[in-house]
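Structural characterization, general
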Amino acid sequence: MRTETGQVYKLTDYKPTDFVVERIDLTFELDPKETTVVSRVILHRREGVAADAPLVFDGDELTLDSLQIDGNDIDASLYEATPDSLTIRGLPESGPFEVTVNTTISPDTNTKLMGLYRTNGVYCTQCEAEGFRRITYFYDRPDVLAVYTVTIIAGKDDAKYLLSNGNFLGGGNYDEGRHFSAWFDPHPKPSYLFALVGGDLGLIEDSFTTMSGREVALKIYVEHGKEGRAGYAMDALKRSMKWDEEVFGREYDLDIFQIVAVSDFNMGAMENKGLNVFNDKYVLADPETATDADYANIEAIIAHEYFHNWTGNRITCRDWFQLCLKEGLTVYRDHAFSADQRSAAVKRIAEIRLLKAHQFPEDAGPLAHPVRPETYKEINNFYTATVYEKGSEVVRMIRTILGADDFRKGMDLYFERHDGDAATIEDFLACFAEASGRDLKQFALWYSQAGTPSVSVSTAWNEAAKTFKVTLEQSLAPTPGQSRKALMHIPLAYGLILPDGSEFDGQPDTDDAENGVFHLTKRKQTFTFANVPGRPVLSINRSFSAPVNIAMEQSAADLAHIARHDSDGVSRWQALNEQAMRHLVAVSKLARDGRNLPSAKELADILVATASDESLEPAFRAQALMLPAESDIAREIGSNIDPEAIHTAREAVLSEVAGSGIEVFTRLADSAPEGPYSPDAADAGMRALAGVALAYASIAEAHPARAKAAYDKSDNMTVMSQALQVLAHQFPGSDEAADALAGFKSRFAGDPLVLDKWYSIQAMTPGAQTCARVEELLNSDDFDRTNPNRMRSLIGSFSAGNPTGFNAADGAGYRLLAREVVDIDKRNPQLAARLLTAMRSWRSLEAGRQELARLALVSIREAGELSPDVGDIVDRMLAN
Ligand SMILES: [Zn+2]
């Protein structure tokens, strides 16, 4: 195993390579245990580089078979090969030369799932971030762009399809029982976008005609027998291609676009040029096996990887510090796509929930880092919610500040100016500054300062003068490595809602506000509105225009006014959510102190009224009825967290809401659409509302019969899994729950993706007893420890999605995770490190749990040889 070197990489150390790669030809002879790789690289010495500077290629666990320069064996004294690098001296001072590197690798024993590996008999690669160096010695860094030609040779029985990036050059029989295929990718690309797939797979095909009339062949490869579940992914791909032409003017640039779904994959999917490799979870769907959420995820991830063709592939990153340049921007693009395909408000609400659930805790804990980090020890640990989700929010803010037209102009300029480049955040921002004539220097701090800014808001109404003042004040707490922070440019969308529910359209007395947006750039700013006809209610940070925490004293009546009248649907939800959160935080603190819990009648009345308001779309009502999760409440409380008390408090509120709306909920529980299943947004919204209502109705009735009946008659996975979750979480140990769980398992025994849901639902059953159940499942004979989806479904769901189970007061949950992380680390460090981040908020726990969590982290640190991935996470979590 590659072990920790302690090396720290710094953004400020960036330096181009000494040699320039012109092209690379790769030949693979595939074999499960001994795949030979011949890499011919044409290079020349960069101008100005010393004549004696050696060529240093990256490697990772490699052994060199042989090495030639311009076809001749090279004297052993002129090179040195270690598992991590290949250094060659005595190379020509000028002019191109060819280096031929021969290596042999073993796909079968590559359990890290980085580089070339096998999954269910299929050869596949994952090279981002640094997997290519596990295939051959090369400049494995994103600023080295080259044109690739790839030849793959394999037994016909071993691999029927042989695929790589770019366009198909040709293929045929090689020698007895073997065949080959050759691929050429005319677009220069970095090595992390290289891909190879070889295997016997099922195939579905279609085609797309681009806006300039070119025909592109579309192919999706899946396991045999699963072709019928790839239709939705194909449909989503065609819609993505069309959307990118219409909204961003981006056309696809090869003759073929291929997607391969594999079952063992560390990430969601990978945007390799022309040959995307996907976790099959994000390709396969049919009504019987996939939920509405699965369909939405497939649509979003197919789009995301496709959109990378321009934001990531045609324009890539200069170095890994710029990861957000491709990820934040592409997440922004896939969000915009999904918003156009579905209800924009409901989509935005889901984004806000996700950001607050995953990114805000990261920003508030020991793993906080800027959207563009300035140092790293292990780049694999920076595929984070901050880089992706907050990175997307930053792009969204650029659009808010510039407006739609100038934003598009800036994007056009970026595509035009940097096509074929390995670019930086500075390059990106310069395009928007130039296109709009705005100064974005202060705004650029969003890329370099970690932490979630806070904005305190106060208002003053002068009845006699008819003036309304809004005062905003910003602050940003220290984060690891950043004790002092500069003032940020925070764009806060707002509205003033008058007593009659209409919106005041006057402007404040300052230039720092335009088009309904306050530009907070100083520590404190006041905005005064004159001639306001009556006391308005301020709706601030509409649609979550800036990823900040707002501190504002706003009465329940004012929140209710926003919830009723705001013209922005997201803001109406924000007001409802704020009201629910306030109550839940107050009640949780009382529960922690062992006090009596007050009534939630006011909140219950509002939620029940919302549930039955037919003028609101069902998906919105479902979102409004979903109380903040226990982890959200914990984040809001911030310190001295007692997960048990939060659970008790939230259950009490749920129960009161359920009781007061029992008639509405029992009616809505039966409101799922009839007839054939459609994954469209309208039907999915109705199912979401029916699902939330089923949970409330079951709580009110304190009996599992309704959920069991829903389970038994369900004809699609959305309704089935909703009902199973109600049974397992609300009525654990009941005969109905046991019966449904057993039935589900036997029905889907042959379908790992569906079985993952079965593991996940059980792992998230609230209560300390779940830890023992997780142990039992982990140790059962049919549990596949090598499959990342399976590990995430059990260990990930338990540690990140079960606050009372994972944080059991005796520390058993922490010990389980620590033990598993150390074990997984030996095979798959990336997965181990990712699972471990579930403990990132350990310091906000109450003292007893905090100490047990610390001991578990120390036990990992002391477990012996750790990978750089896990070593880095555990050190940052334990640092003071
Ligand atoms: Zn991406």
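An account of the accompanying structure is given in this report. None of the values given here were measured: they were computed from a predicted structure.

Another point: the pattern of salt bridges. Under the defined criterion, the tally for this structure stands at 72 salt bridges. Ionic pairing is found between Arg133 and Glu130, a salt bridge with its closest N-O pair at 3.6 Å. Note that Lys466 is salt-bridged to Glu463, the shortest N-O span being 2.8 Å. The class for Glu463 is partly exposed, based on a relative accessible area of 46%.

For the zinc ion, the protein coordination sphere consists of His304 (NE2), His308 (NE2), Glu327 (OE) and Glu327 (OE), at 2.0 to 2.7 Å. The coordination sphere of the zinc ion comprises four donor atoms, whose angles at the metal cover 53 to 153°; the geometry is irregular. The sequence pattern describing where the donors of the zinc ion fall on their chain is H-x3-H-x18-E. Highlighted residues: His304 in helix 2 (residues 292-307) and Glu327 in helix 3 (residues 323-341), separated in sequence by 23 residues. Judged by its relative accessible area of 7%, His304 is buried.

With that settled, consider the sheet that holds strand 9 (residues 97-105). Sheet strands line up and pair through hydrogen bonds in the backbone, either parallel or antiparallel. Pairing in this open sheet of eight strands is mixed, and the strands run 6-5-9-3-2-12-15-14 from one edge to the other. Each having just a single partner strand, strand 6 (72-73) and strand 14 (167-173) make up the two edges of the open sheet. Pairing geometry for strand 5 (residues 64-69) and strand 9, over five bridges, is antiparallel. From the neighbouring strand, Ile69 faces strand 9, where its bridge partner is Val99.

Before going further, it helps to spend a moment on the pairing of strand 31 (residues 537-540). Both faces of the sheet carry side chains from a regular strand, because those side chains alternate between them. Residues Val537 and Ser539 line one face of strand 31 and the alternating positions Leu538 and Ile540 line the opposite face, and both faces are buried. With four bridges connecting them, strand 27 (residues 490-497) and strand 31 associate as antiparallel partners. Within the sheet, the bridge partner assigned to Gly495 lies in strand 31 and is Ser539.

Moving on to unusual backbone geometry. At the junction of Glu128 and Ala129, the peptide bond is cis and its omega measures out at 0° in the coordinates. The topology assignment puts Ala129 in the loop between strand 11 (122-126) and strand 12 (146-155). The backbone of Asp70 sits at a positive phi, close to 50°, despite the residue not being glycine. Judged by its relative accessible area of 44%, Asp70 is partly exposed. Even without a glycine there, the phi angle at Asn531 is positive, about 55°.

Attention now goes to the pairing of strand 15 (residues 178-189). Bridge count between strand 12 and strand 15: nine bridges; the pairing is antiparallel. The residue of strand 15 that forms the bridge with Ala154 is His179. Across six bridges, the pairing between strand 14 and strand 15 is antiparallel. By the bridge assignment for strand 15, Gly172 is matched with Phe180. Once strand 14 ends, the chain turns through four residues before running back antiparallel as strand 15, passing Gly177 with a positive phi of about 75°.

What follows covers the environment of Glu701. Assignment of secondary structure puts Glu701 in helix 16 (residues 681-701). C-alpha of Glu701 to C-alpha of Gln850: the two residues are 149 residues apart in sequence and 37 Å apart in space. Once you skip the residues sitting within four places of it in the chain, Glu701 turns out to touch Ile662, Thr666 and Arg706. A polar contact of 2.7 Å, which involves the side chain of Glu701, links it to the side chain of Arg706.

Okay, the sheet that holds strand 10 (residues 115-119) next. The four strands lie next to each other as 10-11-16-13, forming an open sheet whose pairing is antiparallel. Single-partner strands in this sheet number two, and they are strand 10 and strand 13 (161-164). Direction aside, the axes of adjacent strands within the sheet are offset by 20° on average. Here strand 13 runs beside strand 16 (residues 196-199); their pairing, made up of four bridges, is antiparallel. Each residue of the ladder has a partner; that of Ser164, found in strand 16, is Leu196.

With 15 residues, helix 6 (residues 404-418) extends 21 Å from end C-alpha to end C-alpha; this agrees with the ideal 21 Å at 1.5 Å per step. Those residues of helix 6 lying buried are Asp406, Phe407, Gly410, Met411, Leu413, Tyr414, Phe415 and His418. Buried positions along helix 6 lie against helix 1 (231-248), helix 3, helix 5 (385-402), strand 24 (422-423) and helix 7 (425-436). Trailing helix 6 by a residue or two, Gly420 shows a phi angle of about 90°, which is positive.

Criteria and cut-off values
Residues numbered from 1 in each chain as written. Predicted model: local features only at pLDDT ≥ 70, side-chain atom pairs only at ≥ 80, totals over all residues. Heavy atoms only, no water. Salt bridge = Lys/Arg side-chain N within 4 Å of Asp/Glu carboxyl O. Buried < 20%, exposed > 50% of the residue type's maximum accessible area, 1.4 Å probe, protein only. Donors = N, O, S within 2.8 Å, 3.2 Å for Na, K, Ca; no water. Tetrahedral: all angles 85-135°; square planar, octahedral: opposite > 155°, others 65-115°. Helix = DSSP H or I, 4+ residues; strand = E, 2+ residues; numbered from the N terminus. Pairing = 2+ DSSP bridges. Contact = heavy atoms within 4.5 Å. Polar contact = N/O pair within 3.5 Å; in protein donor to acceptor, adjacent residues only side chain to side chain. Axes fitted to C-alpha atoms, helices over the stretch in contact; angles between N-to-C directions. Expected span 1.5 Å × (residues − 1).

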